[in-house]
Amino acid sequence: MRISFIVNGKSVELDVSPKKRLLDILHDDLDLISVKEGCGKGECGACAVIFNGERVNSCLIPAFQTDGSEVITLEGLKELPGYAAIERAYVEHGAVQCGFCLSGFVVSTVAFLKEKKSPADEEEIKEKLAGNLCRCTGYTKIIEAVKDLSLQEDLRRQPEAEVSHYVKK
Amino acid sequence: MKANPNDFRVDAVGKLRAETRYIRDEKIPGLWFGAAIRSPLPRARIKSITFDKNFDWNRVTVVTAKEIANNYVAMLENDMPFLAEEIVNYAGEPVVLIAAADKETLREAGEHVKVNYEPLPYVLDMLQSENSDVKIFGERNIFKEIRIEKGNIEQARQNAFAIVELESETGFQEHLYLEPQGVVAIPEEDRVIIKGSMQCPYYIKAALDEMFGGKKHVTVIQAATGGAFGGKEDFPSLLAGHAALLAVKSGHPVAMFFDREEDVRVTTKRHPSYHKDIAYVDKNGRILGLDLTIYLDGGAYCTLSQVVLARSALTATGCYHVPHVRILAKAVATNTVPSGAFRGFGGPQAVFAIEMLIEEIAHRLNLRPDQVRRLNLIKEGQSTATGQILRYSVSAEETFTDVLERSDYVRKYNTYKKGNAPILERLLKGVYPKKNADDMLKGIGLSVSLHGAGFTGTGENRIKGKIRVEINKEGMPVIFSSQTEMGQGEETALKNILAKTLSIDRELILLTEVNTDLVPNSGPTVASRTTMVVGSLLVEAGKEIISRLTKKLNSETGKSFEYRLGYFYDGEQIISFREVAQKYAGLFVEKQYSHPPVIKFDDIRWKGDAYPVFSWAAAVAEVEVDPVTFEISVARYFTTHEIGKAINYDQAIAQIQGGSLQGIGYAIYEKVGLKNGYFDITGFTDYIIPSSADMPEMDVKILENPYPFGPFGAKGLGELPFVGAAPAVISALWMIFNYPFTRLPVMPEDLFSVVRTLKEKGA
Ligand code: FES
Ligand code: FES
């Protein structure tokens, strides 16, 4: 089937098998390798992307649903000016280990921050990131990084917020 | 807390920008996909394999056991075939391999293969295996038996005030690295390249060299690896064999990529264990003797069970000094998926058993669990079960004292007991237990644990790990080693160690790709050995580079330069390391490891220095149990680790946080059962690992107590954080219910039945 959608700000048209999931289209056909398959069943969050403004697990989106959609992956997010701050927080807090879960966490972090009007507390972050599993870090350092980021006003939801500027809702 | 910039990981940015390629991210032209057809039965005779004539078999490549000349995975015992030929020994055992250009064809082809089995009797229970008529390994289904004796156990028995006995058990555990297993084989004229997610490239090379009987040159390259924890230590040798067989026969590169379900169903698990332990104690709770019987379930093939068993036996007396010891340990075969390496490698099972035995001693003598522990902690100058005298870097007491103080253990123990009393009373009376909506049963538990760093016994001297450091044209030192990065921070640690030795910026140091054609065999990335063993080689290499550069410089200039913190200095001139190194590009140093000669072990009689040194930890877990739902959670977790010296403080903390949470999972979340001999799990929905919502508040502290032969005093760390977590959590459950929990994991339904038992007893 033929699909056309917007990926990281660019329009893409593609012939794909209807059996494919958004995960396969992004990873295999478009070489957007940040999108990882940890389970294929919507349980681990490694394949998270921003889909029509929402954080979703791309392994659960069948090809036909992608037509006409707008998708942002880590590759798109990292082009945004606000991304440097996110990267810095993850590096400085030592929140990276094997990295397989990482793009999912970063996508969730962005989705979380854009909803926040005020700095987040730990409990809230833990709840909001519970859809992303990590087997290496024990989460503490990831939570610290996100908490730190939530203190930065320009990353939180405001019309001019850099990170959310792609992310229409 | 933000890390010191020196501790930032060298691999973080590449991963955060999705520039790091894991094996599924590689673009390999003409890649085919492979899969195995597996036995549905735990034991059976293969009567026939038929290929449906209605399918066009020209589209695919098929491999069966008959075609494999050396059909065994070279490991300790060579008992595991790449493909079963006559008998299958576990449900999930591979029987036929197929590869096709696309997954659809692969699936279709699989449906057209029919394997006829004649079911055979099987044994799943490790305690019945030894005397079973089902013969899986040798005459008695025993992969290995170890006996360790110290002193005279009879004497301990005669002098005992009390004899305390306990049986305990631990279950399977799945690694659940986030990246499932994946390997690609690329065939060339007379070479096969293996690339994939792995811990031990040279293990794979050894297995494939043997499989091909030397007829192919085998090159093994590690791709970025998304977690391993031991799960990618032994298993990838089997998987790489499958990929290589299909690739060579088809002439195409072939990928063996597991999806999550296949991964959890057919890959190795942590060895289940059974302990039957007897402690002889005096009236104060001092241990006079321990008589320990250990069983590990090795599954259908030996893999690494013999060495896992050794570590279990050598860790069995825990952090305690015991004058009289008798240990009998057996690793047995059953018709289950072969058990394999998993962080801790037999240690966690052993520490769980001894720590629960200590709980039972406290229970029997009416002492607080910390009192019994403190009384028996091993100290410098005392000896272990093998008679190893601990001469340096011993911190059982220091870590224990520190964690008790920081967690305020004793006060909380008493407060929580008091607070629990009315809730428990209501619960056991069958009255609704909560007076207030937030009434929770609160427990506090503790553990002390240790981990012997490096290979067990004479292992390091046998492996003789080798590294090379070479100065490149830009004057940058390049490290050649076979150590792998799997998330633990190996790349950062090795670069940091050499940078510190040379007193230069870490950015000036390069690491070669892990490729068996390029790097020497510095040994596998296992056993918490990388930092301590390979790190110590890097320190030696760095020192030699300095002395050789100094010599060359002096003989060339006729001056007497000395090396000071990154510069060569002769009173008049000061030249940077890099400038000098660039002049002597090509200079290289090789170093090979052997234990310091003072470390001696007899692995026939099990006497002497089982490990060059131990790392130490103590933990306190605060646990909450909902008295209505019996949901268990860990609210706070304190741990103090002594690892000699933290090479990277921030990432050492990170290891401890991650390992501890994995250990908490082992205690109360992660359960694998067997259904018709098959694991009853399929992925994250029915095998629960802790999420961020389940994590406790973590309070980690690191103590230093340098090991004289480690790099800057460092010992091993990777596995230790896991070891003490489960016993600390379960100790808290003993405290709440005053009931012996002797089985891992403990799930809410187990608490439910414990409460029912307690009710019946009360009634
Ligand atoms: S791969 Fe999509 S949630 Fe795990
Ligand atoms: S860093 Fe390995 S799974 Fe998160």
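The rules behind the values
Residues numbered from 1 in each chain as written. Chains lettered and ligands numbered in written order. Predicted model: local features only at pLDDT ≥ 70, side-chain atom pairs only at ≥ 80, totals over all residues. Heavy atoms only, no water. Pairing = 2+ DSSP bridges. Helix = DSSP H or I, 4+ residues; strand = E, 2+ residues; numbered from the N terminus. Axes fitted to C-alpha atoms, helices over the stretch in contact; angles between N-to-C directions. Contact = heavy atoms within 4.5 Å. Salt bridge = Lys/Arg side-chain N within 4 Å of Asp/Glu carboxyl O. Domains from an automatic or database assignment. Buried area = accessible area lost by both parts, 1.4 Å probe. Polar contact = N/O pair within 3.5 Å; in protein donor to acceptor, adjacent residues only side chain to side chain. Nonpolar A, V, L, I, M, F, W, Y, C, P; charged D, E, K, R; others polar. Buried < 20%, exposed > 50% of the residue type's maximum accessible area, 1.4 Å probe, protein only. Arc of directions from axis to C-beta. Phe/Tyr/Trp six-rings, centres within 6.5 Å; stacked < 30°, edge-to-face > 60°. Lys NZ or Arg CZ within 6 Å of the ring centre and 35° of its normal. Parallel < 35°, antiparallel > 145°, perpendicular 65-115°, else oblique. Left-handed = near helix turned anticlockwise from the far one by under 90°.

Right, let's talk about the sheet that holds strand E14 (residues 287-299) of chain B for a bit. Residue and element names in this part refer to chain B. Strand order across the open sheet formed by five strands is E7-E15-E14-E13-E8, with mixed pairing between neighbours. Across the chains shown, the open sheet's two edge strands, defined by having one partner strand only, are strand E7 (142-150) and strand E8 (162-170). On average, each strand axis in the sheet is inclined to that of its neighbour by 5°, with strand direction left out of account. Most of the contacts of helix H8 (residues 305-315) go to E7, to which it runs at about 20°, and overall it touches E7, E14 and strand E15 (324-333).

The next point concerns the pattern of salt bridges. What the rule picks out here adds up to 66 salt bridges over all chains. Between Glu124 of chain A and Lys116 of chain A there is a salt bridge; the shortest N-O distance is 2.8 Å. A salt bridge links Asp439 of chain B to Arg426 of chain B, with the nearest nitrogen and oxygen atoms 3.4 Å apart. Taken as a pair, Asp439 of chain B in the loop between helix H12 (409-429) and strand E16 (441-452) and Arg426 of chain B in helix H12 lie far apart in primary sequence, 13 residues in all.

A separate point is the environment of Glu562 of chain B. Residues and elements named next belong to chain B. For Glu562, the location among the structural elements is in strand E20 (residues 562-564). Along the chain, Glu562 and Leu120 lie 442 residues apart, while their C-alpha atoms are 74 Å from each other. Residue contacts for Glu562: discarding those within four places in its chain leaves Tyr567, Phe568 and Tyr569.

Let us look at the domain arrangement of chain A. Residues and elements named next belong to chain A. Parsing chain A into structural domains produces domain 1 (2-73) and domain 2 (83-166). If you average the C-alpha positions of domain 1 and of domain 2, the two centres end up 21 Å apart. Taken together, the contacts link 17 residues of domain 1 with twelve residues of domain 2. For the pair domain 1 and domain 2, the summed buried surface comes to about 1,100 Å²; carbon and sulfur atoms form 60% of the total. Our enumeration of links across domain 1 and domain 2 arrives at zero salt bridges. Counting across the interface, domain 1 meets domain 2 through six residue pairs in polar contact (both at pLDDT 80 or more). Taken together, the elements giving at least two residues each to the side of domain 1 that touches domain 2 come down to strand E3 (48-51) and strand E5 (70-72). Counting residues per element, the side of domain 1 that touches domain 2 draws most heavily on E3, at three residues. Of the residues contributing to the side of domain 1 that touches domain 2, the split by class is six nonpolar, six polar and five charged.

To continue, consider the interface of chain B and chain A. It is common to report an interface's size as the accessible area lost on association of the parts. At the interface, 59 residues of chain B touch 47 residues of chain A. Taken over both partners, the interface formed by chain B and chain A buries close to 4,300 Å², and the fraction arising from carbon and sulfur atoms is 57%. Our count for the chain B to chain A interface comes out at ten salt bridges. The residue Glu670 of chain B makes a salt bridge to Arg135 of chain A at a minimum N-O spacing of 2.7 Å. Counting the contacts that link chain B with chain A gives 29 residue pairs in polar contact (both at pLDDT 80 or more). At the level of secondary structure, the elements contributing two or more residues to the side of chain B that touches chain A comprise helix H1 (12-16), helix H7 (260-266) and helix H17 (649-668) of chain B. If you tally residues by element for the side of chain B that touches chain A, the top one is H17 of chain B, at nine residues. Grouping the constituent residues of the side of chain B that touches chain A by class yields 25 nonpolar, 17 polar and 17 charged.

Residue and element names in this part refer to chain B. Turning to helix H2 (residues 103-111), its buried residues are Thr105, Leu106 and Ala109. When H2 is viewed along its axis, its buried side chains cluster within an angular range of 105° and face the same direction. More than 90 degrees from the buried face of H2, the exposed residues found are Lys103 and Glu111. Packing partners of the buried residues in H2 comprise strand E1 (32-38), strand E3 (60-64), strand E5 (94-100) and strand E6 (113-119). At the N-terminal end of H2, a side-chain oxygen is found 3.1 Å from the backbone nitrogen of Glu104, two or three residues along, and the residue is Asp102.

All names here are of chain B. A sheet is described by the order of its strands in space; here four strands give the open sequence E16-E26-E27-E30, paired in mixed fashion. Whereas interior strands pair on both sides, the edge strands pair on one side only; in this sheet they are E16 and strand E30 (697-703). Here the average twist between neighbouring strands, direction ignored, is 15°. Those strands touched by H12 are E16, strand E26 (614-625) and strand E27 (632-642), and its axis lies near 135° from that of E16.

Next up on the list: the packing of aromatic side chains. Residues and elements named next belong to chain B. What the rule picks out here adds up to 24 aromatic pairs over all chains. Ring-pair connections join several aromatic residues into one group, and the members of that group are Phe51, Phe55 and Trp57. Positioned over the ring face of Phe33 is Lys103, at 4.9 Å from the centre of the ring.

Before going further, it helps to spend a moment on the packing of helix H4 (residues 83-92) of chain A against helix H5 (residues 102-114) of chain A. Residue and element names in this part refer to chain A. Between H4 and H5, whose axes approach to 12 Å, the crossing angle comes to 125°. Between H4 and H5, the angle falls in the class oblique. Crossing handedness for the pair H4 and H5: right-handed. Residues Tyr83, Ile86 and Tyr90 of H4 lie in contact with H5, whose contacting residues are Leu102, Phe105, Val106, Thr109 and Val110.

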